[in-house]
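One letter stands for each residue in the lines below.
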Amino acid sequence: MQNKINIQYFKTPFGELILGEYQNKLCLADWRYRKMRDTIDKRIQNKLNSVYTVNNSDVIEKTKEQLTVYFSGNLKVFSIPLLLVGTDFQIKIWHELQKISFGKTKTYLQLAKDINQEKAVRAVANANGANAISILIPCHRIIGANG
């Protein structure tokens, strides 16, 4: 029998998110209709040996509440327990992303330098794009060198 990842869909001012919870941690907060949807879903389900089940949870409800406050402009830091599902390199990048303060940005090159891998800009960009916990792990704060 496979484990279950509880999921819910959540409409935001910027589009619909799919929120996923596994063992009381948020493992998914991603745009429902993005190009990499299938790839990300397969990665999460395979690594957790789980399937998505439409069901609610306390973590999902708390995430909805905090996202609502965030989108109203009244929250800058989230307090949701996260489960990062990816390669060691991806997880390293996602941890670095979490260090970028609200209202600040960095370039892909700056992020690569932060992990002492200046030549890994393309890998950093790929890991940034593979982020499955959008908003809470602020991949949107990374910009190209040209701004």
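This is a predicted model, so every value here is computed, not measured.

Peer 1: Whenever I open this one, the overall build of the protein chain confuses me. Can you help?
Peer 2: Helix and strand content of the protein chain: five helices and six strands. Taken from the N to the C terminus, the helices and strands of the protein chain come in the order β-β-β-α-β-α-α-β-α-α-β. In terms of principal-axis extent, the alpha carbons of the protein chain reach across some 45 × 35 × 25 Å. The buried share among the 147 residues of the protein chain stands at 46%.

Peer 1: Please explain the pairing of strand S1 (residues 3-12) as it appears in this structure.
Peer 2: A regular strand places its side chains on the two faces of the sheet in alternate fashion. Pairing analysis gives five bridges linking S1 to strand S4 (residues 50-54), with the strands arranged parallel. Directly across from asparagine 6, in S4, lies its bridge partner threonine 53. Where S1 lies against strand S2 (residues 15-22), seven bridges are found, and the strand directions are antiparallel. Directly across from phenylalanine 10, in S2, lies its bridge partner leucine 17.

Peer 1: Before we go on, may I ask you to explain empty space enclosed by the protein in this structure?
Peer 2: If a probe the size of a water molecule is rolled over the atoms, the empty space left behind becomes visible. Across all of its chains, the model carries one cavity of 30 Å³ or more by this definition. Its volume calculated, the largest cavity comes out at about 40 Å³. Forming the walls of the largest cavity are Cys27, Arg43, Ile44, Leu83, Leu84, Val85, Trp94, Asn131, Ala132, Ile133 and Ile137. Of the residues assigned to the lining of the largest cavity, the class counts are nine nonpolar, one polar and one charged.

Peer 1: Would you mind going over the layout of surface pockets with me for this structure?
Peer 2: Of the voids in this model, the largest pocket is the one considered here, and its volume is about 220 Å³. Lys76, Val77, Phe78, Gln98 and Leu136 are, among the 14 residues lining the largest pocket, the residues nearest its centre.

Peer 1: I would appreciate a short explanation of the pattern of salt bridges in the present structure.
Peer 2: For side chains of opposite charge, pairing can occur when their charged atoms come near one another. The tally for this structure, following the rule as stated, stands at seven salt bridges. The closest approach of N and O atoms between lysine 99 and glutamate 96, which form a salt bridge, is 2.9 Å. What makes lysine 99 exposed here is its relative accessible area of 58%. Assessed through its relative accessible area of 13%, glutamate 96 is described here as buried.

Peer 1: Would you take a moment to explain helix H5 (residues 121-129) for this structure?
Peer 2: Given 3.6 residues per helical turn, the α-helix brings residues three or four places apart onto the same face. Burial in H5 covers these residues: Val124, Ala127 and Asn128. For H5, the arc enclosing every buried residue in end-on projection is 100°, short of the 170-degree limit, so these residues lie on one face. Residues Arg122 and Asn126 are exposed on H5 and point more than 90 degrees away from its buried face. Residues of H5 that are buried sit in contact with helix H3 (88-97), helix H4 (108-114) and strand S6 (142-143).

Peer 1: Would you take a moment to explain the nonpolar core for this structure?
Peer 2: One recurring pattern in soluble globular proteins is that nonpolar side chains are buried together. Grouped together as the largest cluster of nonpolar side chains are 31 residues, with contacts concentrated most on Leu67, Ile93, Trp94, Leu97 and Leu136. Put simply, the parts of the chain that give this core at least two residues each are S2, strand S3 (25-31), helix H2 (58-71), H3, H4 and H5. At five residues, the largest contribution of residues to this core is made by H2. In this structure, tryptophan 94 is in contact with Arg43, Leu84, Val85, Gly86, Ala127, Ala130, Asn131 and Ile137, ignoring residues within four places of it in sequence.

About the criteria used
Here, residues in each chain are numbered from 1, in the same order as that chain's written sequence. With the structure being a predicted model, the display of local features is reserved for residues of pLDDT at least 70 and the display and counting of side-chain atom pairs for 80 or more, all residues being used for whole-chain, interface and lining totals. The side-chain numbers reported here are obtained from all heavy atoms of the structure, hydrogens and water having been left aside. Labels follow the DSSP assignment, with helices taken as runs of H or I lasting at least four residues and strands as runs of E lasting at least two, numbered in each case from the N terminus. Exposed residues in this analysis have more than 50% of their type's maximum accessible area, buried residues have under 20%, and partly exposed residues fall in between, with area computed by a 1.4 Å probe over protein chains only. A pair of strands counts as paired when DSSP detects no fewer than two bridges linking them. Cavities and pockets were defined on a 1 Å grid built from protein atoms only: a cavity is a group of points that admits a 1.4 Å probe but offers it no way out, a pocket is an open group of points flanked by protein on both sides within 12 Å along at least five of seven lines, and a lining residue is one with an atom within 4 Å of any such point. Grid points are joined across faces, edges and corners, and a volume is the space filled by probe spheres set on the points. Residues were grouped as follows: Ala, Val, Leu, Ile, Met, Phe, Trp, Tyr, Cys and Pro as nonpolar; Asp, Glu, Lys and Arg as charged; and all remaining residues, including Gly, as polar. Salt-bridge detection follows one rule: a side-chain nitrogen of Lys or Arg within 4 Å of a carboxyl oxygen of Asp or Glu. Here the arc refers to the directions that run from the helix axis out to each C-beta atom. Whether two residues touch is decided by their heavy atoms; if any such pair falls within 4.5 Å, the residues are in contact. Joining through side-chain atoms within 4.5 Å is the link that ties buried Ala, Val, Leu, Ile, Met, Phe, Trp, Tyr and Cys residues into a set, and such a set is a nonpolar core.

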